[in-house]
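# Structural overview for review
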Amino acid sequence: MTPARGDHDARRLEVSEGVWRVLSTRGFEGLTLRAVATELGASTGLLTHYFPSKRALLSHALDELDRRSGSRPRRTAPADGTPPPPPGLARLRAALLDVLPLDGAAVAGNRIWVGSWDVALSDPALAAAHAGRYARSREALAVHVADAQRLGELPAGADAAALATGAQAFVLGLVVQVLFAPAEFPPERQTALLDAYLAGLAATG
């Protein structure tokens, strides 16, 4: 490992990169202290200085995946300086498109997220962390739904939180279908299905 001795933050960053590479190639089933140590060309003894157990490593891997997912370029906040979509239905649509596996990077990220579900369901603390992530996502979607209701783009009488929950469930279900049958769900079909779903929401009430 290359950082100077004692540089804890740099060491953890390098370990994070190793964790990410193992996840990308082997999934959560292959994520072990030995696999990460081998990836880094280090000993497991050095790795346990930062992660004393596989569970600690798994928890860190999920946090790292969450951080990377949150920092990647998004349609709701373009990194190239172009303005984001206007508030309301357009921004809700952009937020949902950001979840879908529409390109190689999004496919890889979603494969890891879906692979993490089994790991998280077997550990109450990891499951609670996952539940918190999805709850925060629903809260963010509910803001876009409320804006769309205020603008008259979605029915004003509907519960914004309930609509956000339904929208999240729709895209997560579509993610699973895409991962198992990518040829049946190319990006243009994913987008068309999402647009049909949103059109149905707008037409109700």
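What counts, and where the lines are drawn
Residues numbered from 1 in each chain as written. Predicted model: local features only at pLDDT ≥ 70, side-chain atom pairs only at ≥ 80, totals over all residues. Heavy atoms only, no water. Helix = DSSP H or I, 4+ residues; strand = E, 2+ residues; numbered from the N terminus. Contact = heavy atoms within 4.5 Å. Expected span 1.5 Å × (residues − 1). Buried < 20%, exposed > 50% of the residue type's maximum accessible area, 1.4 Å probe, protein only. Polar contact = N/O pair within 3.5 Å; in protein donor to acceptor, adjacent residues only side chain to side chain. Axes fitted to C-alpha atoms, helices over the stretch in contact; angles between N-to-C directions. Parallel < 35°, antiparallel > 145°, perpendicular 65-115°, else oblique. Nonpolar A, V, L, I, M, F, W, Y, C, P; charged D, E, K, R; others polar. Salt bridge = Lys/Arg side-chain N within 4 Å of Asp/Glu carboxyl O.

Topologically, Arg 21 is positioned in helix H1 (residues 8-26). Distance in space between the C-alpha atoms of Arg 21 and Glu 39 is 7.8 Å, their sequence separation being 18 residues. Residues in contact with Arg 21, not counting those within four places in the same chain, are Glu 39 and Leu 40.

As a further point, take helix H7 (residues 124-150). Turn by turn, an α-helix covers 3.6 residues, leaving residues three or four places apart pointing in a common direction. Taking 1.5 Å of rise per residue, 27 residues should cover 39 Å, and H7 covers 38 Å from first to last C-alpha, within 8% of that figure. Every buried residue of H7 is listed here: Leu 126, His 130, Arg 133, Leu 141, Ala 142, His 144, Val 145, Asp 147, Ala 148 and Gln 149. With a side-chain oxygen positioned 3.0 Å from the backbone nitrogen of Ala 125, the residue opening H7 is Asp 123. A positive backbone phi angle near 80° is found at Gly 152, which sits one or two residues after H7.

Each pair of packed helices gets described by two things: the angle between the helix axes and the distance between those axes. Viewed as axis vectors pointing N to C, helix H6 (residues 104-121) and H7 meet at an angle of 135°, and their least axial separation amounts to 8 Å. Looking at the two axes, H6 sits oblique to H7. On H7, the residues that touch Trp 113, Ser 116, Trp 117, Val 119 and Ala 120 of H6 are Leu 126, Ala 127, His 130, Arg 133 and Tyr 134. For the contact of H6 with H7, the per-class residue count stands at seven nonpolar, two polar and one charged.

The tally for this structure, following the rule as stated, stands at five salt bridges. Measuring nitrogen to oxygen at the nearest pair gives 2.9 Å for the salt bridge that ties Asp 123 to Arg 55. Linking Asp 123 in the loop between H6 and H7 with Arg 55 in helix H4 (residues 54-71), this pair joins segments that are 68 residues apart in sequence. On the basis of relative accessible area, Arg 55 is assigned to the partly exposed category, the value being 36%. A salt bridge links Arg 150 to Asp 147, with the shortest nitrogen-to-oxygen separation between them at 3.4 Å. Here Arg 150 and its partner Asp 147 are both found in helix H7, three residues apart, which amounts to about one turn of the helix.

It is worth spelling out the side chain of Gln 168 at this point. Of note, Gln 168 is situated in helix H8 (residues 160-180). You can call Gln 168 buried: its relative accessible area is 7%. Ignoring any residue separated from it by four or fewer positions in sequence, one finds Gln 168 in contact with Tyr 134, Ser 137, Arg 138 and Leu 141.

So far we have only geometry, and geometry alone does not tell us how the molecule works.
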